[in-house]
Amino acid sequence: HVKKATEAYNIGPDPVTGYLNAHRIVNLAAATGCDALHPGYGFLSENPELASICQRRGIKFIGPGADVIRSMGNKIEARRSMQAAGIPVVPGSDANLASVAEAVALAANIGYPVMLKSTAGGGGIGMQLCWSEPELNEAYHSVERLARSNFSQGGIFLEKYVEIARHIEVQIFGDGEGRVVALGERDCSVQRRNQKVIEETPAPGISEGVRRRLM
């Protein structure tokens, strides 16, 4: 893609580190006269810092605002936002778990199986399915360590595990001026290690009535 680009700029000797440095990327955008920046996927695409810096520097960030990224990037805040909007959520904790004892008590209340999840991050990292109290006791500190090592914070929470379910997403597109459309639903149920392998649209096996309600 670099060879096909009209212009290309070096973001540093280590491309991974370069794509994680929001200030360097925005400085480069400003220096080259760029007026809009698309974050792609991965790296800083879900980091509110990049959106905030773009806003301060007068560069249009092609994506959600920093406040939206911040609330949706934290799964506890995402749950609270959905509840405030009247959208049902899976039974679980509405705050980070303080201890394994709290996790055990909550799991006993909502019933096994349950899923331990890291509050930050994604990609299936820091998730552990627990079918019983001994499994929950064993997994708690392991998930906590994974969350801390991968996302720099050890917050974890717990949700009821839905055994027979499908993963359906709806893609939303807005122009930043109040006009928003739903581009359609997609089925992301085919996964490996909690990571999506195939995304299919339109989602098979969904009635037109359900599809219209999703839109």
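Up top is the structure.
Residues numbered from 1 in each chain as written. Predicted model: local features only at pLDDT ≥ 70, side-chain atom pairs only at ≥ 80, totals over all residues. Heavy atoms only, no water.

The tally for this structure, following the rule as stated, stands at two aromatic pairs. Seen in terms of ring centroids, W131 and Y161 are 6.1 Å apart; in terms of plane orientation they differ by 70°. Their pairing is edge-to-face. Residue W131 is located in the loop between β4 (127-130) and α7 (133-151), and its partner Y161 is located in the loop between β5 (156-160) and β6 (168-174); the two are separated by 30 residues in the primary sequence. W131 gets classed as partly exposed once you look at its relative accessible area, which sits at 43%. (Phe/Tyr/Trp six-rings, centres within 6.5 Å; stacked < 30°, edge-to-face > 60°. Helix = DSSP H or I, 4+ residues; strand = E, 2+ residues; numbered from the N terminus. Buried < 20%, exposed > 50% of the residue type's maximum accessible area, 1.4 Å probe, protein only.)

Before going further, it helps to spend a moment on the side chain of R211. Inspection of the secondary structure assignment puts R211 in helix α8 (residues 208-214). The class for R211 is buried, based on a relative accessible area of 14%. Only 2.8 Å separates the side chain of R211 from the side chain of E208, close enough to count as a polar contact. Sequence-distant contacts of R211, defined by excluding residues within four places in its chain, comprise E185, P202, A203 and I206. (Polar contact = N/O pair within 3.5 Å; in protein donor to acceptor, adjacent residues only side chain to side chain. Contact = heavy atoms within 4.5 Å.)

To continue, consider the side chain of S45. Summarising the element assignment, S45 is placed in the loop between β1 (36-37) and α3 (48-57). The residues touching S45, leaving out its near neighbours within four places in the chain, are P39, G40 and I69.

Here we come to the layout of surface pockets. Reported here for the second largest pocket is a volume of approximately 750 Å³. Along the wall of the second largest pocket there are 26 residues; nearest its centre are Y9, I11, Y19, I25 and L28. If you list the elements that add at least two residues to the lining of the second largest pocket, you get α2 (22-31) and β1. Per-element accounting of the lining of the second largest pocket gives the leading share, three residues, to α2. Class assignment of the residues belonging to the lining of the second largest pocket gives a composition of 18 nonpolar, seven polar and one charged. (1 Å grid on protein atoms, 1.4 Å probe; cavity = no way out; pocket = protein on both sides within 12 Å on 5 of 7 lines; lining within 4 Å. Points joined across faces, edges and corners; volume = space filled by probe spheres on them. Nonpolar A, V, L, I, M, F, W, Y, C, P; charged D, E, K, R; others polar.)

Moving on to a nonpolar patch on the surface. Residues V16, Y19, L20 and F43 make up a contiguous nonpolar surface patch of about 390 Å² in total accessible area. As for its position among the elements, L20 is in the loop between α1 (15-18) and α2. (Patch = residues over 30% accessible without salt bridge, like charges linked within 9 Å, V, L, I, M, F, W, Y side chains within 5 Å. Areas by Shrake-Rupley, 256 points an atom, 1.4 Å probe, with all protein chains shown as cover. Salt bridge = Lys/Arg side-chain N within 4 Å of Asp/Glu carboxyl O.)

Turning our eyes to something else, we now look at the pattern of salt bridges. As enumerated under the stated definition, the model contains 13 salt bridges in all. Of the charged contacts, one joins R179 and D175 as a salt bridge, the two residues approaching to 2.6 Å between their closest N and O atoms. Here the residues in one salt-bridge network are R79, D94, K117 and E159, joined through shared partners.

By size, the foremost hydrophobic cluster in this structure holds 15 residues, and its most contacted members are L97, L116, L136, I156 and L158. Residue assignment for this core shows that the elements contributing at least two residues are α6 (100-110), β3 (114-118), α7 and β5. Counting residues per element, this core draws most heavily on α7, which supplies five residues. Apart from the residues lying within four places of it in its own chain, the contact partners of L136 are A103, V104, A107, Y112, L116, C130 and L158. Counting 14 residues, the second-largest nonpolar core is a separate cluster that includes L50, A51, I53 and F61. (Core = buried A, V, L, I, M, F, W, Y, C linked by side-chain atoms within 4.5 Å.)

Consecutive side chains of a regular strand alternate in pointing toward one face of the sheet and then the other. Where β6 lies against strand β7 (residues 180-187), seven bridges are found, and the strand directions are antiparallel. Residue I168 lies in a different strand from β7, and its bridge partner there is D187. Between β6 and β7, which pair antiparallel and follow one another directly, the connecting turn spans five residues, one of which, G176, has a positive phi of 80°. (Pairing = 2+ DSSP bridges.)

Strand order in the open sheet formed by three strands is β4-β3-β5, and the pairing between neighbours is antiparallel. The open sheet has two edge strands with one neighbour each: β4 and β5. This sheet shows a mean twist of 20° between the axes of neighbouring strands, independent of strand direction. As judged from the five bridges shared by β3 and β5, these two strands associate in the antiparallel manner. Across the sheet, the residue bridging to K117 is F157, located in β5. Those strands touched by α6 are β3 and β5, and its axis lies near 15° from that of β5. (Axes fitted to C-alpha atoms, helices over the stretch in contact; angles between N-to-C directions.)

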